[in-house]
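Architecture at a glance
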Amino acid sequence: MSSTPPNNPLQSSNKEDFSFLDQALRPSRFDEYVGQETIKNNLKILLQAARERAHPPEHLLFYGPPGLGKTTLAHLIANEIGCQVKSTSGPAIEKVGDLASILTNLSPGDILFIDEIHRLNKTIEEVLYPAMESGVLDIIIGKGPSARTIQLDLPPFTMIAATTRIALLSAPLRSRFSGGTFRLEFYTDEEIEKIVHRSAGILGVTLVDDAARQIAERSRSTPRTANYLLKRARDYAQVQKSDLSSRSVVEALSLLEIDHFGLTALDRKILETIVQKFNGGPVGLSTIAAALSEEMATIEEVNEPYLIQRGLLERTPRGRIATRLAYEHLGLEYPEELAKRLFS
Ligand SMILES: Nc1ncnc2c1ncn2[C@@H]1O[C@H](COP(=O)(O)OP(=O)(O)O)[C@@H](O)[C@H]1O
Ligand SMILES: [Mg+2]
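Turning next to unusual backbone geometry. With an omega of 0°, the peptide bond running from G281 to P282 counts as cis. Turning to its location among the elements, P282 is positioned in the loop between α11 (265-277) and α12 (285-292). Not every positive phi belongs to a glycine, and A54 is a case in point at roughly 50°. Of note, A54 is situated in the loop between α2 (37-52) and β1 (60-63).

The structure is reproduced here in C-alpha cells:
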C-alpha cells in the first residue's frame, strides 16, 4: 500500500514505526508477547471461537498509557488469524467521506485498526455505529428535500481501536466493541527483563542479567521505554568501546537524566512544581501545565499514569497531591502539616 496518496487517512500497516528496528522488536505471536496474561487468555478464546465459526472476531477496544503494547496487539491478532490490517487514526479521519472510503475498501476478514479513537469527530462516530453493529454504511446522497439515504453492505471485518483516554469515548461508541474492552496493565520488572533480553537478541547484543535489571528498573514499567533505553545503552557502550554491562547502562541512562525510578527530567519537574510552588497540593492539572509551559494532555497521558502507579502523585477531586514518597524521592523532608491539612 505504499502508493497511498498523501492525504489518504489509511496508512500502510507499519507507517507509524520510526524505523525498521522498532518494527523488528514488535512481537508478532502470542508466545512472544510478554505479560498481559488475562488479555491474552481472553483473546485466544475469542480468536479460536471466531475461527471455528469461520467468522471475523468481534470488535475490540484496547486502552491504557502509551507504549504498553496496544498497537502491537492489533498487529499480532492479524498475524495470528492470518488477515490484513488497515491502519488509521482518529485525527486522520477528517470527513465522513474518509471513513466511507476506508470502510468500502475493506476486504472480507480485514482488521481495521483505529488508533487514538478518542480523537474521532462526533459526526464520523455516528457513521461508525451501523457499520460496527450491522455491517452497513448509510450514505446520504443529495441535499435538502431531495436527499435520500442509501445503504451499502460492508464486507465482514473486525475493528480494533486503541486509546490512551477511554473516558473521552462516548458510551454508545464504547458499547459497540462487542468482542470486549481491555485495559493494558503496566509490566512487572521481571516481564520487562524478559522483553529487553528478547530485544537484545534481535539487536544482536549481549546483555547481562544485571544490566537487564537496571534497564527494567528505569523503564517506567513500559516496554517501549525499555526498548528505547536498551538502544541508548547499546549506543553508549558502542561509542565507549565497552560491554553492555550494568555500569554502562547506568552511565548511559544518567546521561539521559533518567533516575533510578525511571523518572525523566519532566516527571521530576512536575513533582517539584507541586511541592515547591504549591506546597504539595492539591493543585489543578491546568495550573501545573501552565507553570511548566507544558501541554495538559502530555502531563495527563504520559507522565501522570506512571507517577500515580509509583505512588508519587495522587489525583483527588480538588487537584493533584505530591505524596510522602515524592518528597523522599526529591530528597526533601515531608511537611507533617501537609498530611494534617489533607487528611483531617
Ligand atoms: N507485551 C509485549 N512484549 C514484548 N514487547 C512489547 C510488548 N508490548 C509492547 N512491546 C514493545 O513495545 C513497543 C511499543 O508497543 P506499542 O504496541 O507500540 O504500544 P502502544 O500502541 O500501546 O503505545 C513495541 O514496538 C514492542 O517492541
Ligand atoms: Mg500505539
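Attention shifts here to the site of ligand 1. Surrounding ligand 1, one finds 18 residues, the nearest of these being R26, G67, K70, T71 and T72. In the environment of ligand 1, an oxygen atom lies 3.1 Å from a nitrogen or oxygen atom belonging to the backbone of L25. Here a nitrogen atom of ligand 1 and a side-chain polar atom of Y187 are 3.0 Å apart. A total of 560 Å² of accessible area belongs to ligand 1 in isolation, and the protein chains cover 95% of it. For the shell around ligand 1, the elements supplying multiple residues, two or more each, are α1 (20-25), α3 (70-81) and α9 (223-239). Of the residues belonging to the shell around ligand 1, the class tally is 9 nonpolar, 5 polar and 4 charged. Split by domain, the shell around ligand 1 shows at least three residues from each of two domains, domain 1 (20-183) and domain 2 (189-255).

With that settled, the discussion passes to the pairing of strand β3 (residues 111-115). The buried fraction of β3 is high, at 5 of 5 residues. Residues of β3 alternate between two faces, with I111, F113 and D115 on one and L112 and I114 on the opposite face, all of them buried. Two strands pair when backbone bridges link them, and strand β2 (residues 85-89) and β3 are joined in this way by 5 bridges, in the parallel orientation. Paired with S89 across the two strands is D115, which belongs to β3. In this region the chain leaves β2, passes through helix α4 (residues 96-104) and returns to the parallel neighbour β3; the handedness of that crossover is right-handed. Note: β3 against strand β6 (residues 158-163), 4 bridges, orientation parallel. Its bridge partner being in β6, I111 is matched across the sheet by T158.

Parameters at a glance
Residues numbered from 1 in each chain as written. Chains lettered and ligands numbered in written order. Predicted model: local features only at pLDDT ≥ 70, side-chain atom pairs only at ≥ 80, totals over all residues. Heavy atoms only, no water. Helix = DSSP H or I, 4+ residues; strand = E, 2+ residues; numbered from the N terminus. Near = heavy atom within 4 Å. Polar contact = N/O pair within 3.5 Å; in protein donor to acceptor, adjacent residues only side chain to side chain. Areas by Shrake-Rupley, 256 points an atom, 1.4 Å probe, with all protein chains shown as cover. Nonpolar A, V, L, I, M, F, W, Y, C, P; charged D, E, K, R; others polar. Domains from an automatic or database assignment. Buried < 20%, exposed > 50% of the residue type's maximum accessible area, 1.4 Å probe, protein only. Pairing = 2+ DSSP bridges. Right-handed = clockwise from strand over helix to strand, strands pointing away.

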